[in-house]
Amino acid sequence: MRFTSAQEAAIRADNRELLVSAAAGSGKTAVLVERIVRLIVERGVSIDRMLIVTFTRAAAGEMRERLETRLNEAAVENPRLARQADLVSMAQISTIHSYCQQVVRQNFQRCGVDPQFMLADERTRAAYCCLLYTSDAADD
């Protein structure tokens, strides 16, 4: 794939953290996949030592699939990358919500929450917010 100069800059950026924000279909996933492969190849970073977060489950799944495919392709020239492709299934690639939920579950005592907590779905949140609004209004 040919990248624009801005995309190439994101791929080659040497800072440890990087936020890539762009419109749908603009190549964000491809840029991030290349950045990750570059870190593995040039810096020796293992995929299972990275935290890769997205905003949707679909994007996280797509990222995982593309990384595995790209690493398997690169393994033809660099056999060490075959191991990295195998590690993709264990890599921390998830939504920001899933990652935060995992952190809270692992540290529930420090967070002061019940270890059996559950995330509310959209319907539950809407009903709860409505109840809060109704009960607040009733107090006036």
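None of these values were measured; they are calculated from a predicted model.

Caption draft 1: Seen up close, the overall build of the protein. Each helix and strand in the protein was counted, giving seven helices and two strands. Helices and strands appear in the protein in the N-to-C order α-α-β-α-α-β-α-α-α. Taken over 140 residues, the protein has a buried fraction of 26%. Long-range contacts, defined here as pairs at least 24 residues apart, represent 59% of the contacts in the protein between residues at least 6 apart. Per element, the accessible surface of the protein, about 10,100 Å² overall, is 54% carbon and sulfur.

Caption draft 2: Broad picture of the pattern of salt bridges. The tally for this structure, following the rule as stated, stands at seven salt bridges. Here Arg38 makes a salt bridge to Asp14, at a shortest N to O gap of 3.5 Å. You can see Arg38 sitting in helix α2 (residues 28–43) and its partner Asp14 sitting in the loop between α1 (5–12) and α2, a full 24 residues away along the chain. Note on Arg38: relative accessible area 15%, which makes it buried. Through salt bridges that share partners, Glu8, Arg12, Asp14, Arg38, Glu42 and Arg43 make up one connected network.

Caption draft 3: The pairing of strand β1 (residues 51–54), seen in detail. The side-chain alternation of β1 yields one buried face, formed by Ile52 and Thr54, and one unburied face, formed by Leu51 and Val53. Here β1 runs beside strand β2 (residues 92–95); their pairing, made up of four bridges, is parallel. Opposite Thr54, over in β2, you have Thr95 as the bridge partner.

Caption draft 4: Main features of the confidence of the model for the protein. Scored by pLDDT, the protein comes out at a mean of 85, with 89% of its residues at no less than 70. Ranking the elements of the protein by mean pLDDT puts helix α7 (residues 122–138) last with 62 and helix α4 (residues 80–87) first with 95.

Caption draft 5: Structural detail: the nonpolar core. Core analysis: the largest hydrophobic core is formed by 20 residues, its most contacted members being Ile36, Ile47, Ile52, Leu67 and Ile93. Counting only elements with at least two residues in this core, the list comes to α2, α3 (57–74) and α4. In this view, Ile36 contacts Ile47, Met50, Ile52, Met63 and Leu67; residues no more than four positions away in its chain are not counted.

Caption draft 6: Region of the structure containing the environment of Phe55. With respect to the element layout, Phe55 can be found in the loop between β1 and α3. The exposed category is assigned to Phe55, whose relative accessible area is 66%. The contacts of Phe55, once residues within four sequence positions are left out, are Thr95 and Ile96.

Caption draft 7: Main features of the side chain of Ser94. Note that Ser94 resides in strand β2. Beyond its immediate stretch of four places on either side in the chain, Ser94 contacts Ile52, Val53, Thr54, Ala60 and Tyr99.

Caption draft 8: Examining α3 more closely. A rise of 1.5 Å per residue sets the reference length of α3, with its 18 residues, at 26 Å; its end C-alpha atoms lie 26 Å apart and thus fit the reference within 8%. Buried within α3 are the following residues: Ala60, Met63, Leu67, Leu71 and Ala74. When α3 is viewed along its axis, its buried side chains cluster within an angular range of 65 degrees and face the same direction. Exposed positions of α3 whose direction lies more than 90 degrees from the buried face are Arg57, Ala58 and Glu65. Among the structural elements, α2, β1, α4 and β2 are those in contact with the buried residues of α3.

Cut-offs used in this document
Residues numbered from 1 in each chain as written. Predicted model: local features only at pLDDT ≥ 70, side-chain atom pairs only at ≥ 80, totals over all residues. Heavy atoms only, no water. Helix = DSSP H or I, 4+ residues; strand = E, 2+ residues; numbered from the N terminus. Buried < 20%, exposed > 50% of the residue type's maximum accessible area, 1.4 Å probe, protein only. Contact = heavy atoms within 4.5 Å. Areas by Shrake-Rupley, 256 points an atom, 1.4 Å probe, with all protein chains shown as cover. Salt bridge = Lys/Arg side-chain N within 4 Å of Asp/Glu carboxyl O. Pairing = 2+ DSSP bridges. pLDDT = per-residue confidence, 0-100. Core = buried A, V, L, I, M, F, W, Y, C linked by side-chain atoms within 4.5 Å. Expected span 1.5 Å × (residues − 1). Arc of directions from axis to C-beta.

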